[in-house]
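So you can see what is in the structure, the chains are spelled out below.
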Amino acid sequence: MTVQAVLDQIRERPGTGDVIPVFDPATEEQITEFTDCGPEGVNDAVARAKESADSGIWKGKADYERAKILWKVADLIDENKAVLAELESLNAGIPPSQAEVIVSVGSEWFRYYAGWCTKVDGIARDVNTGGLMGMDSHMHAYTLREPYDVVGLIFPWNGPVFNYCAKLAPSLAAGCSSVVKPAEETPLSAFVLDRILHEAGVPEGVVNLVNGRGHTVGAAITAHDDVDKVAFTGSTEVGREIVRASAASNLNKITLELGGKSPVLIFDDADLDTAIMMAGFGTFVHSGQACICGSRIFAQRGVYEKVVDGIANLANGLQLGGPKDEGAMIGPLISAKQLGRVMGYVDQGKQDGAEIVTGGHRLDRKGYFVHPTVVTNVDPATSRLYREEIFGPVVTILPFDDEDEAVAMANDTTYGLAATAWTKDVGRAHRIAKRLKAGTVGVNAQMQFDHSLPFGGYKQSGWGLEAGKAGIDAYLQTKVVWTQM
Ligand code: NAD
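Overview of the structure. Owing to the predicted nature of the structure, the values given are computational and were not obtained by experimental measurement.

## Remarks on the overall build of the chain
In terms of helices and strands, the chain carries 16 helices and 20 strands. On C-alpha atoms alone, the chain measures out to a radius of gyration of 24 Å, which is about the 23 Å that the 2.2 N^0.38 rule sets for 485 residues. On the principal axes, the C-alpha backbone points of the chain span a range of 70 × 60 × 40 Å. Across the 485 residues in the chain, those meeting the buried criterion constitute 56%. If you take every contact in the chain between residues at least 6 apart in sequence, the share linking residues at least 24 apart comes to 72%. Put simply, the chain shows about 19900 Å² of open surface, and 52% of that area lies on carbon and sulfur atoms. Of the side-chain charges in the chain, 44 are positive and 62 negative, and the distance between the mean point of each set is 3 Å.

Okay, here's the thing in structure tokens:
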């Protein structure tokens, strides 16, 4: 499939709602459009998913057959790497070399979960209740791990291939049927991945792609009585709406991967060059539009000035540009809306008296580019720029005196997605790792993630876990069967 074919075919998808334009964020040009499928489209998709679940066509397939199909999906993703990477660059503004890596990570999600298809098991026990809890004393009990019939998979625009694979691989390994909604800004790669699933042998009706806006299509998924579970990645604000929708409908189960405001602590004994380079890169990569990007750096007083200078220099040296700009390492923000949001925070910060050390403006060119921005002198108690998730290339840097103060400042947030500490003191590293309230903690390592290890947020950064064994557990229910001996 070519990029042009995707741009053409997505226009033809049926729908009843608005026609939604799709943009290249590096040029601000419209590249295609599609029609919101509306609640009717969701109803049809859920009905197809339910029918496939009831028929057992996927969950009833031999485990090793499902594993082979998922492995084949991975191979086909690799075979289609060029077109998927091109779409990722065109639609999400990700530099081509990074887009290729993301596609490779996507295929590895499927290989990893192909392995889990044959390894889902429960426990068995002979139980002697002593007659306390029932008529019979001697029982044999075992657990069954059963897939949800229909899951709703909803994800954001910031890594379309990654997000698709992170949800589809474990849900298919578990045996679920699904309704899949990519973000309205980035519908293109999901269109190709959907074709790949079918080409690999995932039966018709098992995975049902729907396109549209959050308040129409997303909301219709979360409110649908036949959707047993919703797995969502996106903002904390929409996460709350999904919880409300569940409470108001069928109490469907929910996994939420939400926002963050991740702290990075740099102690004065750190390998400063590495810490500055990694903290800077871990802040500005993808223009700060990765959920685990650092966005609040805290530097110990003795190295504070060096850290501010170092991060500002790094920010100034990063080459921004679109996929066609040779050597660009950082792409644009995703949309005009996101650009307005990021600049709104910067302007608010300026009004509050924050010091913009570098950046704070968009680039003088087409595309939603914002110069990597370093901010100091913010009031931690009141600054919205400091407290709220911006999801852009904006970092605050504040000084601290000792370990206790650093931990207190790092944890003073409603989020708890990721945190990093840079120090050569091994004892301190372990103490800090325990004290930081975040689902992922890096010690002398930043932006770490692997599909084999659980990922999730503390506090308002999420509910439940993705990846690793926990990732397949999220799509399974547990039943206990009691038998009389
Ligand atoms: P968003 O919450 O606005 O949208 C995410 C998805 O939800 C989109 O597909 C959208 O159409 C849909 N949606 C919107 N309203 C809905 C509703 N009422 N019901 C159901 N679905 C609805 O997020 P975004 O702007 O696309 O992405 C940025 C956010 O995603 C940031 O907050 C970022 O931190 C978060 N994120 C988190 C992780 C993680 O793993 N924790 C990963 C990536 C992004």
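So that's the structure; there's more coming.
## So, the site of the ligand
In the region of the ligand, 26 residues are neighbours, and F155, E184, S235, L258 and E389 sit closest. Here an oxygen atom of the ligand and a side-chain polar atom of K181 are 2.9 Å apart. Here the ligand loses 89% of its free accessible area of 850 Å² to cover by the protein chains. Elements with a contribution of two residues or more to the shell around the ligand: α8 (214-222), β8 (229-233) and α9 (236-248).

## Remarks on unusual backbone geometry
The backbone of L251 sits at a positive phi, close to 50°, despite the residue not being glycine. The topology assignment puts L251 in the loop between α9 and β9 (253-257). Taking the relative accessible area as the measure of exposure, L251 reaches 60% and is therefore exposed. Of note in the backbone geometry, K459 takes a positive phi value of approximately 45° without being a glycine. Inspection of the secondary structure assignment puts K459 in strand β18 (residues 458-459).

## Regarding empty space enclosed by the protein
To find leftover empty space, a probe the size of one water molecule is rolled over the atoms. Under the definition given, this model contains four cavities of 30 Å³ or more. Of the pockets and cavities examined, the largest cavity occupies roughly 120 Å³. What lines the largest cavity is a set of 15 residues, and nearest its centre among them are G260, G288, C293, S295 and F391. In this structure, the second largest cavity spans a volume of roughly 90 Å³. Sorting the residues of the lining of the second largest cavity by element identifies β10 (262-266), β16 (418-422) and β17 (440-443) as the ones contributing at least two each. Taken together, the residues that form the lining of the second largest cavity break down as nine nonpolar, seven polar and no charged.

## With respect to the pairing of strand β2 (residues 29-35)
As paired elements, strand β1 (residues 19-24) and β2 share six bridges and run antiparallel to each other. Directly across from V19, in β2, lies its bridge partner T35. Between β1 and β2, which pair antiparallel in sequence order, lie four residues; one of them, E28, sits at a positive phi of approximately 70°.

## Let's talk about the sheet that holds strand β11 (residues 294-300)
One open sheet accounts for seven strands, arranged β12-β13-β14-β11-β10-β16-β17; its pairing is mixed. Because the sheet does not close on itself, it has two edges, and the strands there are β12 (355-358) and β17. Averaged over neighbouring strand pairs, the angle between their axes works out to 25° when direction is ignored. With five bridges joining them, β11 and strand β14 (residues 394-400) adopt parallel strand pairing. Bridging from a neighbouring strand, Q300 pairs with F400 of β14. Across the sheet, helix α11 (residues 304-317) is in contact with β10, β11, β12, β13 (373-376) and β14; its angle to β14 comes to roughly 165°. Sheet strands touched by helix α14 (residues 403-411): β10, β11 and β14. Its angle to β14, the strand with the most contacts, is close to 150°.

## A short note on the sheet that holds strand β20 (residues 476-484)
One open sheet holds the three strands; their spatial order is β3-β4-β20, and the pairing between them is antiparallel. In the strand order of this sheet, the two ends are held by β3 (124-128) and β20, each with one partner. The sheet shows a mean angle of 25° between the axes of neighbouring strands, direction not considered. For β3 and strand β4 (residues 138-147), the ladder comprises five bridges, and the chain directions are antiparallel. Pairing of N128 across the sheet is with H138, part of β4.

## Considering the packing of aromatic side chains
All told, the structure shown has 10 aromatic pairs when counted by the stated rule. Among the aromatic residues, ring-to-ring pairing joins W109, Y112, Y113, F162, F449 and F455 into one connected group. Between R111 and the ring centre of W71, over which it is positioned, the NZ or CZ distance is 5.6 Å. The cationic tip of K229 hangs over the ring face of Y475; the distance from NZ or CZ to the ring centre is 5.9 Å.

## Some words on the pairing of β4
Where β4 meets β20, nine bridges bridge the pair, whose relative direction is antiparallel. When the sheet's bridge partners are listed, L144 is paired in β20 with K479.

## With respect to the environment of F455
Relative to the helices and strands, F455 is located in the loop between β17 and β18. On the accessibility criterion, F455 (8% relative accessible area) is buried. Each C-alpha atom of the pair F455 and F284 lies 21 Å from the other, and the pair is 171 residues apart in sequence. Ignoring any residue separated from it by four or fewer positions in sequence, one finds F455 in contact with E257, C291, I292, L417, T440, F449, G464, L465, E466 and A467.

Criteria and thresholds
Residues numbered from 1 in each chain as written. Predicted model: local features only at pLDDT ≥ 70, side-chain atom pairs only at ≥ 80, totals over all residues. Heavy atoms only, no water. Helix = DSSP H or I, 4+ residues; strand = E, 2+ residues; numbered from the N terminus. Rg over C-alpha atoms; globule rule 2.2 N^0.38 Å. Buried < 20%, exposed > 50% of the residue type's maximum accessible area, 1.4 Å probe, protein only. Contact = heavy atoms within 4.5 Å. Areas by Shrake-Rupley, 256 points an atom, 1.4 Å probe, with all protein chains shown as cover. Lys, Arg positive; Asp, Glu negative; His and termini not counted. Charge placed at Lys NZ, Arg CZ, Asp CG, Glu CD. Near = heavy atom within 4 Å. Polar contact = N/O pair within 3.5 Å; in protein donor to acceptor, adjacent residues only side chain to side chain. 1 Å grid on protein atoms, 1.4 Å probe; cavity = no way out; pocket = protein on both sides within 12 Å on 5 of 7 lines; lining within 4 Å. Points joined across faces, edges and corners; volume = space filled by probe spheres on them. Nonpolar A, V, L, I, M, F, W, Y, C, P; charged D, E, K, R; others polar. Pairing = 2+ DSSP bridges. Axes fitted to C-alpha atoms, helices over the stretch in contact; angles between N-to-C directions. Phe/Tyr/Trp six-rings, centres within 6.5 Å; stacked < 30°, edge-to-face > 60°. Lys NZ or Arg CZ within 6 Å of the ring centre and 35° of its normal.

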